[in-house]
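# Coordinate inspection notes
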Amino acid sequence: MRVNVKLFARLRELVGQGELTLDAPGATTVADVWAALVAAHPAADAYARSMSCAVNLNYARMTTTVADGDEVAFLPPVSGGSGAAAR
Amino acid sequence: MTSATAITSAPLSVEAVLRAVEGPGAGAVATFVGLVRDHNVGRKVLWLDYEAYEPLAEKALGIIIAEAEARWAGARMAIHHRTGRLEIGEASVVIAVATPHRADAFAACRYAIERIKQIVPIWKHEHFEGGEVWIEGATADAHDEAAREAALKIACA
């Protein structure tokens, strides 16, 4: 299966690209896609516990099913708005 | 009528956001403008770069507006967020909310900025004197009810 993976911010920098087509044979869930990404780009593993994910522009879970051609985005913790994110 | 949501690299206009919420039922409008500050945890900030997953960010702003308009009767909300390089003093986010009564306007406005920090896929890259760092806050999950309730609690405190 082939999916389009999108990466942002520091995760994008660690992997070295913001957008890639990933071959993930036998993958059925977001978790499988993440595993394929980490296999190809071990640096991504730094975000294994803190990232969230979206499939085709909907927030998803690691258990969400993916299909060929889907856009799967992995998102580091967000920091929009203004001021320090932490209170 | 301007759009209720925007993710844009152009300078933000408070006027434009206000125009998006005007209507005859409004008795109050609260606005919030987030600015780029020249210091952060002891660092001298030079500028910020905001990166967005634009289509999902715009959608997340829409979710926040729908949540607020469902929670506060008669509320109309608009949120514009800037991306790209922002200098000190520039506006990164503008929120406006019109409601029949003022208490709801203040509460809904506070709710919106708390939710933006939780679920909108935008990242701040801080360039400071001596280095740069990605600022990371909340793990984004629009379906996290506990986070939504926490934002509501802050808004209604």
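Cut-offs applied
- Residues numbered from 1 in each chain as written.
- Chains lettered and ligands numbered in written order.
- Predicted model: local features only at pLDDT ≥ 70, side-chain atom pairs only at ≥ 80, totals over all residues.
- Heavy atoms only, no water.
- Core = buried A, V, L, I, M, F, W, Y, C linked by side-chain atoms within 4.5 Å.
- Buried < 20%, exposed > 50% of the residue type's maximum accessible area, 1.4 Å probe, protein only.
- Helix = DSSP H or I, 4+ residues; strand = E, 2+ residues; numbered from the N terminus.
- Pairing = 2+ DSSP bridges.
- Axes fitted to C-alpha atoms, helices over the stretch in contact; angles between N-to-C directions.
- Contact = heavy atoms within 4.5 Å.
- Expected span 1.5 Å × (residues − 1).
- Buried area = accessible area lost by both parts, 1.4 Å probe.
- Salt bridge = Lys/Arg side-chain N within 4 Å of Asp/Glu carboxyl O.
- Phe/Tyr/Trp six-rings, centres within 6.5 Å; stacked < 30°, edge-to-face > 60°.
- Lys NZ or Arg CZ within 6 Å of the ring centre and 35° of its normal.

### A short note on the nonpolar core
Of all hydrophobic cores here, the largest spans 49 residues; its most connected members are Trp 72, Ile 79, Ile 116 and Val 120 of chain B. Top contributing element to this core by residue count: helix H3 (residues 102-119) of chain B, with 9 residues. In this structure, Trp 34, Ala 44, Tyr 47 and Cys 53 of chain A belong to the second largest nonpolar core, which totals 24 residues.

### A closer look at the sheet that holds strand S7 (residues 91-99) of chain B
Residues and elements named next belong to chain B. Across the sheet, which stays open at both edges, the 4 strands sit in the order S1-S5-S7-S2 with mixed pairing between neighbours. Of all strands in the sheet, those bounded by a partner on one side alone are strand S1 (5-8) and strand S2 (28-35). Put simply, the sheet's adjacent strands are angled 5 degrees from each other on average, direction ignored. One ladder, built from 6 bridges, connects strand S5 (residues 76-82) with S7; its direction is antiparallel. The partner of Ala 78 across the bridge, within S7, is Ala 96. Docked against the sheet, helix H2 (residues 54-71) engages S1 and S5, running at close to 150 degrees with respect to S1. Sitting on the sheet, H3 touches S2, S5 and S7, and the angle it makes with S7 is about 145 degrees.

### What to know about H3 of chain B
In a regular helix each residue adds 1.5 Å, so 18 residues correspond to 26 Å; H3 of chain B covers 26 Å between its end C-alpha atoms and thus fits that length. For H3 of chain B, the buried fraction is high: 13 of the 18 residues fall into the buried class.

### Here's the deal with the interface of chain B and chain A
At the junction of the two partners, chain B supplies 38 residues and chain A supplies 30 residues. Across the chain B to chain A interface the summed buried area is about 2900 Å²; carbon plus sulfur atoms make up 52%. On the chain B side of the interface with chain A, the three residues burying the most area are Tyr 53, Lys 117 and Trp 123 of chain B, jointly 23% of the side's total. As a salt-bridge pair, Arg 12 of chain A and Glu 51 of chain B come within 2.5 Å of each other at their nearest N and O atoms.

### Let's talk about the packing of aromatic side chains
Note on aromatic pairs: each is described by the distance of the centres and the angle between the planes. Using the criterion set out here, one finds 4 aromatic pairs over all chains in the structure. With a centroid separation of 4.9 Å and an interplanar angle of 65 degrees, the aromatic rings of Trp 34 of chain A and Phe 74 of chain A are classed as edge-to-face. In this pair, Trp 34 of chain A is assigned in helix H2 (residues 30-40) and Phe 74 of chain A in strand S5 (residues 71-75), connecting sequence segments 40 residues apart. We note that Trp 34 of chain A, like Phe 74 of chain A, is buried. Between Trp 72 of chain B and Tyr 111 of chain B, the ring centres sit 5.5 Å apart and the planes meet at 65 degrees, which makes this aromatic pair edge-to-face. Pair noted here: Trp 72 of chain B is in the loop between H2 and S5 and Tyr 111 of chain B is in helix H3, with a separation of 39 residues, a long-range link. Among the residues examined, Trp 72 of chain B registers a relative accessible area of 3% and is labelled buried. Here the aromatic cluster, defined as three or more aromatic residues joined through ring pairs, consists of Phe 8 of chain A together with Tyr 53 and Trp 123 of chain B. Cation over ring: Arg 43 of chain B sits above Phe 128 of chain B, and NZ or CZ is 5.0 Å from the ring centre.

### Digging into the pattern of salt bridges
Residues and elements named next belong to chain B. If you walk through the whole model with that rule in mind, you get 9 salt bridges over all chains. The closest approach of N and O atoms between Glu 87 and Arg 85, which form a salt bridge, is 2.7 Å. For the salt bridge of Glu 145 with Arg 148, the shortest nitrogen-to-oxygen distance reads 3.1 Å. A residue pair is termed a helical-turn pair when its members lie 3 or 4 positions apart in one helix, as Glu 145 and Arg 148 do in helix H4 (residues 145-155) at 3 residues. We classify Glu 145 as partly exposed; its relative accessible area is 41%. You can call Arg 148 partly exposed: its relative accessible area is 22%.

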